[in-house]
Amino acid sequence: MLAVQRRDAIAARIRADGRVLVTELATDLGITQETVRRDLDSLEVAGIARRVHGGAVSAERVSLVESAVDERVGRNAAGKHRIADLAARRLVALGATSLLVDAGTTTAAFAEAIVQQWPQHFGARLVVATHAPAVAAILSRHPAIEVHVIGGRLRQLTGASVGAQTLLAIQSMTPDVVVLGTNGLDASGLTTPDPEEAAVKAAIVASGRRVACLADGSKVGASTLCRFAELDAVDVVVTDAEPDAETAAALEAAGTEVHVA
């Protein structure tokens, strides 16, 4: 395989998966790890990748530009469904009776999983609040789930309500568990590009008795503009990829459980 073909193949994997590991690429492509590192260095210069310990992530993962929710639905859909299924199973087993669910494509997948897994009988009634109309619409299909929609100014880009009205409503709540999405999760904490959404997410984190963050592999190791939570504010992270060494060490130091779907 020519160098240009090899780099095109690596770039395609980065775009599809959000991250790559040197060891895996060396095995899959039948080349040395040193060759992989040189290729990743070239892709970083080209603006396609950002080098991290043990591999590289997509340059988009550190972008300040948000993708629209419709664009993100199909990205790593299988991984998001595995995360959602595992998170829903753990939550059903936990026996929580009230939830606050964040906006996002992974949290929407979680809502679908809860609808499938939550018991139908009245004694298992669950109260869920959300500031995402799309999430509320999914949850409303279940007869034993009582849905509360939090108002505010709806951001068309992400389908999330934001602003003072949203913050006031969330600050008055004390749910058993909050289920949170994020654009970035690295050793420094959880981040998102928009300041208004960061304020809402920070309020969500502060409101919950337990905080669960759902983050597919493209978000782990990434960082965007606004940090809304430190790692020690998060009880559980559910993801579909092992965190890089630096992030894993920071999560362990923070006492945060990590579950890989």
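Calculation criteria
Residues numbered from 1 in each chain as written. Predicted model: local features only at pLDDT ≥ 70, side-chain atom pairs only at ≥ 80, totals over all residues. Heavy atoms only, no water. Helix = DSSP H or I, 4+ residues; strand = E, 2+ residues; numbered from the N terminus. Rg over C-alpha atoms; globule rule 2.2 N^0.38 Å. Buried < 20%, exposed > 50% of the residue type's maximum accessible area, 1.4 Å probe, protein only. Contact = heavy atoms within 4.5 Å. Areas by Shrake-Rupley, 256 points an atom, 1.4 Å probe, with all protein chains shown as cover. Lys, Arg positive; Asp, Glu negative; His and termini not counted. Charge placed at Lys NZ, Arg CZ, Asp CG, Glu CD. Pairing = 2+ DSSP bridges. Axes fitted to C-alpha atoms, helices over the stretch in contact; angles between N-to-C directions. Core = buried A, V, L, I, M, F, W, Y, C linked by side-chain atoms within 4.5 Å. Polar contact = N/O pair within 3.5 Å; in protein donor to acceptor, adjacent residues only side chain to side chain. Parallel < 35°, antiparallel > 145°, perpendicular 65-115°, else oblique. Nonpolar A, V, L, I, M, F, W, Y, C, P; charged D, E, K, R; others polar. Salt bridge = Lys/Arg side-chain N within 4 Å of Asp/Glu carboxyl O.

Caption draft 1: Molecular detail of the overall build of the protein chain. Assigned secondary structure in the protein chain consists of 10 helices and 15 strands. Relative to the compact-globule value of 18 Å for 261 residues, the protein chain shows a C-alpha radius of gyration of 19 Å, a close match. Seen along its three principal axes, the alpha-carbon backbone of the protein chain occupies a region of about 60 × 35 × 35 Å. Evaluated residue by residue, the protein chain yields a buried proportion of 49% over its 261 residues. When contacts within the protein chain are restricted to residue pairs at least 6 apart in sequence, long-range pairs at least 24 apart make up 66% of them. In the form shown here, the protein chain has an accessible surface area of approximately 11,700 Å², with 53% of it arising from carbon and sulfur atoms. Mean positive and mean negative side-chain charge positions of the protein chain (25 and 31 charges, respectively) differ by 2 Å.

Caption draft 2: Structural view of the sheet that holds strand 12 (residues 210-214). If you trace the seven strands from one edge of the open sheet to the other, you get 6-5-4-9-12-14-15, paired in parallel fashion. The open sheet has two free edges, formed respectively by strand 6 (145-149) and strand 15 (257-260), since each of these has just one partner strand. Adjacent strand axes in the sheet meet at a mean angle of 20°, parallel and antiparallel pairs treated alike. Both strand 4 (residues 98-101) and strand 5 (residues 126-130) contribute to a ladder of four bridges, which runs parallel. Looking at the pairing, Leu100 lines up with Ala129 of strand 5.

Caption draft 3: Fine view of the nonpolar core. Residues Leu99, Phe110, Ile114, Trp118 and Leu139 are the most contacted members of the largest nonpolar core, which totals 34 residues. Elements that contribute at least two residues to this core include exactly helix 5 (77-94), strand 4, helix 6 (105-117), strand 5, helix 7 (133-139), strand 9 (177-181), strand 12 and strand 14 (236-239). For this core, the element with the highest residue contribution is helix 6, accounting for seven residues. Excluding its chain neighbours within four sequence positions, the residues that come into contact with Phe110 are Ala84, Ala87, Ala88, Leu91, Leu99, Val101, Val179 and Leu214. Ile150, Ala203, Ile204 and Val205 belong to the second-largest nonpolar core, a separate cluster that totals 26 residues.

Caption draft 4: Summary view of the side chain of Thr191. Within the secondary structure layout, Thr191 lies in strand 11 (residues 189-192). Accessibility expressed as a relative area gives 3% for Thr191, which makes it buried. One polar contact links the side chain of Thr191 to the main-chain amide nitrogen of Thr224, over a distance of 2.9 Å. Apart from the residues lying within four places of it in its own chain, the contact partners of Thr191 are Thr182, Asn183, Gly184, Ala222, Ser223, Thr224, Cys226, Arg227 and Phe228.

Caption draft 5: Representation of the sheet that holds strand 11. As summarised here, the arrangement of the three strands in space is 10-11-13, forming an open sheet in which the pairing is antiparallel. Among the strands making up the open sheet, the edge pair consists of strand 10 (184-186) and strand 13 (226-229). Strand-to-strand twist in this sheet, taken as the mean axis angle between neighbours without regard to direction, amounts to 35°. Bridge count for strand 10 against strand 11 is three bridges, and the pairing is antiparallel. Within strand 11, the position partnered with Asp186 by the bridge is Gly189. Packed on one face of the sheet, helix 9 (residues 195-207) meets strand 11 and strand 13 and runs near 10° to strand 13.

Caption draft 6: Region of the structure containing the packing of helix 8 (residues 164-171) against helix 9. In the contact formed by helix 8 and helix 9, the axes pass within 9 Å of each other and the chain directions differ by 5°. In terms of orientation, helix 8 and helix 9 fall into the roughly parallel class. Listed contacts from helix 9 to Thr166, Leu167, Ile170 and Gln171 of helix 8 are Ala199, Val200, Ala203, Ile204 and Ser207. When its residues are assigned to classes, the contact of helix 8 with helix 9 shows six nonpolar, three polar and no charged.

Caption draft 7: How the structure looks around the pattern of salt bridges. Applying the stated criterion to the full structure yields 17 salt bridges. Between Asp39 and Arg7 there is a salt bridge, with the nearest N and O atoms lying 2.8 Å from each other. Here Asp39, found in helix 3 (residues 33-45), pairs with Arg7, found in helix 1 (residues 3-17); they are 32 residues apart in sequence, far enough to count as distant. By relative accessible area, Arg7 is classed as partly exposed at 30%. Residue Lys219 is joined to Asp216 by a salt bridge in which the shortest nitrogen-to-oxygen separation is 3.4 Å. Grouping residues by exposure puts Lys219 and Asp216 together as buried.

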